[in-house]
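What follows is the residue order along each chain.
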Amino acid sequence: MALDFIPGISKALIATSWRLSTKPYTTNDQFHQEVVEDNTVVVAFRRSFLEKDWFAPANESSFGETKMDPAEFPSMISFSNDVDADARATVNEAFLKSLQLLISPSCTQSVKTLVENMRPRRIVFTGHSSGGATAILAAVWYLETFFTKKCSDFPVCLTFGAPLVGDYVFKHGLGRENWSRLFVNFVTRFDIVPRIMLAPKASTKQALPYALSQLGRTRAPIQENDQTIAGFYATVMKDVETAARQAACELIDGENAFLETFSSFLELSPYRPAGTFVFSTGTRFVEMSNSDAILQILFYAYQSTNEQELSERPNQSIRDHHGYEEMVDSMGTKDVYQLDLNHFLSDGGEYALFDLRLSTSARECVRAAFEAEKKRNDNQSKIETTITKQSTTKKSIEEKLKWIEEEYKQPRCQAPAKGYYDSFKESNDDNDFKANVTRAELAGFFDDVLGLMKKGQLPDGFEGDSDWIKLATGYRRLMEPLDIANYYRHLKNEDTGSYMGKGRRPKRYKHAQKLDEHDLLKSGGTAEKIMASCLSICFWAEVEDLRGKKYDEVTNEGTVEERVTKLENFLIDEKVDDHIFLEGSTVTKWWHSLPEHHKRSSLLQQRMGYTRAT
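For clarity, every value in this text was computed on a predicted model and none was experimentally measured. (Residues numbered from 1 in each chain as written. Predicted model: local features only at pLDDT ≥ 70, side-chain atom pairs only at ≥ 80, totals over all residues. Heavy atoms only, no water.)

1. As for the pattern of salt bridges
Summed over the entire model, instances satisfying the criterion amount to 30 salt bridges. One salt bridge in this structure joins Asp545 and Lys549, with 4.0 Å as the shortest N-O distance. What makes Lys549 partly exposed here is its relative accessible area of 27%. Through salt bridges that share partners, Glu542, Asp545, Lys549, Glu557 and Arg563 make up one connected network. (Salt bridge = Lys/Arg side-chain N within 4 Å of Asp/Glu carboxyl O. Buried < 20%, exposed > 50% of the residue type's maximum accessible area, 1.4 Å probe, protein only.)

Rendered as structure tokens:
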């Protein structure tokens, strides 16, 4: 099989990327660029073997990590997590600072200026070693900054022996956006660099500067039996083993309470593989994109079968970091084995695992990774079946939503009715009861799906699927007003406060709103339009909250007068449904309760049928 897992990536392009990645730099150069086949631009980033460029000196965290700025990287967020501080992706701070310097307008050699001038040409970001880490973050920045749904030429990132860059959220964000396929990481079997970030800074601090200096030596021979390198290798691989074994335990027995407690005492690296990895076994290439399986191989492919091999591993781990030219030269002459779920289920991945010399226990760990992937796919299939297929005893999710829209909402949105919000709030007939039962059933379904997302038991791409976003958004817009009505019908606000207060609004709606807002952002939506996405539904809660407050009162969200004016502007500008203004609706009754002097100057006079008192 040829190396064709990404359309348009040829052997020649890979070879050019490698050549530029290792091209000598002048003092001021931070990257090289070259226009190659089909007007493609290759941008290769400078590698560094200085400790400060691997771990930021001022960073006090155990693994040199920091959170990404959601304003700059809006896709690198976990939408199934409501705590904003924890929702952001974690990346290596030193690598992130390298990118930030290069995209700064004040930078003499600015990547931002380069890509702005080169677009709409296809761009390939590349780098060897730490240059590969910068290339990964540069590609993500480019996708966030310039890439939209309308673009057709995807950028690509090709790295050689790059260290791990980001955590699970980073990996998940790439998968959700369908960007993982654009990142290809070439790894020789024994290269130590892709493993370094799995070790805490404290364990490698003394030996790291020397190890980096050895990694940076491209021509001078490596001293045999170098005890510093041997110690560095042993320390890193011990931490890699801890990370791999802990991850394998979670895959095999993830619900174990003892395991969760035990994990809290371990200092585990946040970094995880992301994108596609291509391992060189010597006889063939093994290509895979299952992050869990890649983590296992980063440990188990390093194992030795005898004392002689074990003694050779430390120096081999350094030499392999410079073995990519041989790897690139052999492309086209060696087979590529795609170790994906389909191949693993059909033949157990025997060819690839044999070439990687994995032991029986190692194969079980890799198998667990693929079984977890299969479980995620199966969960998605079950959800899709529940959404669309109706059984003899149970309506599909789509059927339930259709009933609420056509048979419950629409008849109640015509005069002399009060609108479906107020009809449900009063619940005077059988259909109101049926709507409440349907509301509870739908809530159960969407809560279950969110629960699976939080546990990582769905494919990363599920959350970004346009059909799912459309369904979740439709559900939120149709059903959240009923949940708000139910909240205030039972006077929960008197005990716990406003529906929109912290911890009161159901997480299923928060999650659906985040997906909708992110979809609007990717489509070029303005901040005002994104904000209106929430208010278009939650204005009911704002009305209910304002009904219980005096006009001259001051609240945490501002004065009541300011909030009233803001709400009125929204009701006018967003052209909300007419049923909101039906006589007897909550909105109409609230507005008519406002002070006379406010109503006289209100823009809603005409909609409310207001007649100025004489």
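2. Quick word on unusual backbone geometry
Look at Asn178: it is not a glycine, yet its phi comes out positive at around 65 degrees. Mapping Asn178 onto the fold places it in the loop between α6 (168-176) and β7 (183-188). Exposure remark for Asn178: the relative accessible area of 44% places this residue in the partly exposed category. (Helix = DSSP H or I, 4+ residues; strand = E, 2+ residues; numbered from the N terminus.)

3. Describing the sheet that holds strand β9 (residues 285-288)
Strand order across the open sheet formed by eight strands is β1-β2-β5-β6-β7-β8-β9-β10, with mixed pairing between neighbours. What marks the edges here is a single partner per strand, and that holds for β1 (31-36) and β10 (336-338). When the angles between neighbouring strand axes are averaged without regard to direction, this sheet yields 20 degrees. Bridge count between strand β2 (residues 40-45) and strand β5 (residues 123-128): five bridges; the pairing is parallel. Looking across to β5, one finds that Val41 is bridged to Ile123. Lying on the sheet, helix α12 (residues 291-300) is in contact with β8 (276-280) and β9; it crosses β8 at an angle near 30 degrees. (Pairing = 2+ DSSP bridges. Axes fitted to C-alpha atoms, helices over the stretch in contact; angles between N-to-C directions. Contact = heavy atoms within 4.5 Å.)

4. Here we look at helix α5 (residues 130-145)
A rise of 1.5 Å per residue sets the reference length of α5, with its 16 residues, at 22 Å; its end C-alpha atoms lie 23 Å apart and thus fit the reference within 8%. Buried residues dominate α5, accounting for 15 of its 16 residues. (Expected span 1.5 Å × (residues − 1).)

5. Brief notes about the packing of helix α21 (residues 466-489) against helix α24 (residues 527-547)
Two elements in contact, α21 and α24, have axes whose closest approach is 10 Å; the angle formed by their N-to-C orientations is 10 degrees. With respect to each other, α21 and α24 are oriented roughly parallel. Seen from above, α21 lies across α24 with right-handed handedness. Along its contact with α21, which presents Arg476, Arg477, Glu480, Pro481, Ile484 and Tyr488, the element α24 presents Ser533, Cys534, Ile537, Cys538, Trp540, Ala541, Glu544 and Asp545. Per-class residue counts for the contact of α21 with α24 are eight nonpolar, one polar and five charged. (Parallel < 35°, antiparallel > 145°, perpendicular 65-115°, else oblique. Left-handed = near helix turned anticlockwise from the far one by under 90°. Nonpolar A, V, L, I, M, F, W, Y, C, P; charged D, E, K, R; others polar.)

Read these as geometric descriptors, not functional statements.
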